[in-house]
Amino acid sequence: MARTDPDAPPKWVRWLWEVDASEAAEEREGGKGLDIGRIVRAGVALADDEGLEGVSVRKLAQRLGVSTMAAYRHISSRDEVIAAMVDVAFGPQPVLSDPEDWQSGLRRWALAIHARYDAHPWLLDAPVQGMPTGPHRLRWMEAVLRVLAGAGLELQERLNAALLIDGHVRTVAALKRSLAAAPHDARRSAPANWLLTRLEADGLASMAQVLRAGALDDGQGYALDYGLDRIIAGIEADVTSGDGRPAGRGAGAGARAHVRRGNSSREKTDSTGTSK
């Protein structure tokens, strides 16, 4: 019996790294028999049609015209298929600007990842399970970490900033998806008089203005750039010394000390408030 190398990655991970896993590759593989690639790409198409909850090995087999057992000869579980689908759906990383202009590069990265969430909304529902193993996901992370290196951030701060940007983009994309899925009449109906009356009676004047203006209707009120600009401004403020020169580009010890002080204060607690 052949021995399995305990350090070898699963078949689907090897496929992602060794084969062209891009969405366009399917056309070049035309008459090929059943393999991991056909299953994963069918999963992307199925999730685009029915959402992630609609993806199952049985449905994938039906879509491909094979038995469920035939599909299981190539993949071990639905979780494996979804993990590979995520990497394929993200696709190649964007081409970013020179690290000297890290602000523009960060904006381009954020807009690019927002476009992927827009093209495949089910990506917002895919589980996040630690360090990705697919080449596309890793190259996206590498790209943003390199851009943030131009801001003079240390590795952990670059990771924190990348997660902050991605979290903002995911929140905006999820809100857009929720509003797009709302009933047409509910999104376009005139402000309810009873609610305006109640808001004004309770002294909720700002919310009454929001309701009158329709500021949360039809895609308004959640501009991606607003939060992105402020995140970038916060990074700039954190890495700038008293003389206005960014750390990491000859700013001197004062700027680096400022960054270290920022790091030490942030290391006290994580995002849940737990001491580290």
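One can find the structure itself at the top, above this paragraph.
Bear in mind that the values here come from a model prediction, so they are computed numbers and not experimental data.

Some remarks on the overall build of the protein
Thinking step 1. Summing up its helical and strand segments, the protein has 14 helices and zero strands in all.
Thinking step 2. Going from N to C terminus, the protein has its helices and strands arranged as α-α-α-α-α-α-α-α-α-α-α-α-α-α.
Thinking step 3. For the protein, restricting intrachain contacts to residue pairs at least 6 apart in sequence, the fraction spanning at least 24 positions comes to 63%.
Thinking step 4. Just so you have it, the protein exposes about 16000 Å², and 54% of that area is on carbon and sulfur atoms.

Concerning the packing of aromatic side chains
Thinking step 1. As enumerated under the stated definition, the model contains three aromatic pairs in all.
Thinking step 2. Against the face of Tyr 226 rests Arg 230, its NZ or CZ located 3.8 Å from the ring centre.

Section: the packing of helix H6 (residues 78-90) against helix H8 (residues 135-149)
Thinking step 1. The geometry of H6 relative to H8 is characterised by a closest axis approach of 7 Å and an angle of 50° between their N-to-C directions. Viewed along their axes, H6 and H8 adopt a mutual orientation that is oblique. From H6, Val 86, Asp 87, Val 88 and Phe 90 reach across to H8, where they touch Pro 135, His 136, Arg 137 and Trp 140.

Observations concerning helix H13 (residues 224-239)
One turn of an α-helix holds 3.6 residues; hence residues three or four places apart share an orientation.
Thinking step 1. Helix length check: H13 (16 residues) gives 23 Å between terminal C-alpha atoms against 22 Å at 1.5 Å per residue, within 8%.
Thinking step 2. Burial in H13 covers these residues: Leu 224, Gly 227, Leu 228, Ile 231, Ile 232, Ile 235, Asp 238 and Val 239. Taken around the axis of H13, the buried residues stretch over an arc of 135°, which confines them to a single face.

A look at the packing of helix H1 (residues 11-18) against helix H3 (residues 36-50)
Thinking step 1. Running from amino to carboxyl end, H1 crosses H3 at an angle of 90°, the nearest separation of the two axes being 10 Å. In terms of their interaxial angle, H1 and H3 are classed as roughly perpendicular. Of H3, the residues touching H1 (which contributes Lys 11, Trp 12 and Trp 15) are Ile 36, Gly 37, Val 40 and Arg 41.
Thinking step 2. The class makeup of the residues in the contact of H1 with H3 is four nonpolar, one polar and two charged.

Details of the side chain of Arg 158
Thinking step 1. Of note, Arg 158 is situated in helix H9 (residues 155-181).
Thinking step 2. Buried charged residue Arg 158 carries no salt bridge. Nearest counter-charge: Glu 142, at 7.0 Å.

Looking at the environment of Val 86
Thinking step 1. With respect to the element layout, Val 86 can be found in helix H6.
Thinking step 2. Accessibility expressed as a relative area gives 7% for Val 86, which makes it buried.
Thinking step 3. Leave out the neighbours within four places in its chain, and Val 86 touches Trp 122, Leu 123, Ala 126 and Arg 137.

Some words on the pattern of salt bridges
Side chains that differ in charge, positive against negative, can pair when their charged atoms come close.
Thinking step 1. Scanning the entire structure with this criterion turns up six salt bridges.
Thinking step 2. One salt bridge connects Asp 49 with Arg 63, and the closest N-O pair in it is separated by 2.9 Å. One end of the pair, Asp 49, is in helix H3; the other, Arg 63, is in helix H4 (residues 57-64), and 14 residues separate them in sequence.
Thinking step 3. Among the residues examined, Arg 63 registers a relative accessible area of 40% and is labelled partly exposed.
Thinking step 4. For the salt bridge of Arg 177 with Asp 125, the shortest nitrogen-to-oxygen distance reads 2.9 Å. Of this pair, Arg 177 sits in helix H9 while Asp 125 sits in the loop between helix H7 (102-119) and H8, and the two are 52 residues apart along the sequence.
Thinking step 5. Relative accessible area serves as the criterion here: at 39%, Asp 125 is assigned to the partly exposed category.

Conventions we followed
- Residues numbered from 1 in each chain as written.
- Predicted model: local features only at pLDDT ≥ 70, side-chain atom pairs only at ≥ 80, totals over all residues.
- Heavy atoms only, no water.
- Helix = DSSP H or I, 4+ residues; strand = E, 2+ residues; numbered from the N terminus.
- Contact = heavy atoms within 4.5 Å.
- Areas by Shrake-Rupley, 256 points an atom, 1.4 Å probe, with all protein chains shown as cover.
- Phe/Tyr/Trp six-rings, centres within 6.5 Å; stacked < 30°, edge-to-face > 60°.
- Lys NZ or Arg CZ within 6 Å of the ring centre and 35° of its normal.
- Axes fitted to C-alpha atoms, helices over the stretch in contact; angles between N-to-C directions.
- Parallel < 35°, antiparallel > 145°, perpendicular 65-115°, else oblique.
- Expected span 1.5 Å × (residues − 1).
- Buried < 20%, exposed > 50% of the residue type's maximum accessible area, 1.4 Å probe, protein only.
- Arc of directions from axis to C-beta.
- Nonpolar A, V, L, I, M, F, W, Y, C, P; charged D, E, K, R; others polar.
- Lys, Arg positive; Asp, Glu negative; His and termini not counted.
- Salt bridge = Lys/Arg side-chain N within 4 Å of Asp/Glu carboxyl O.

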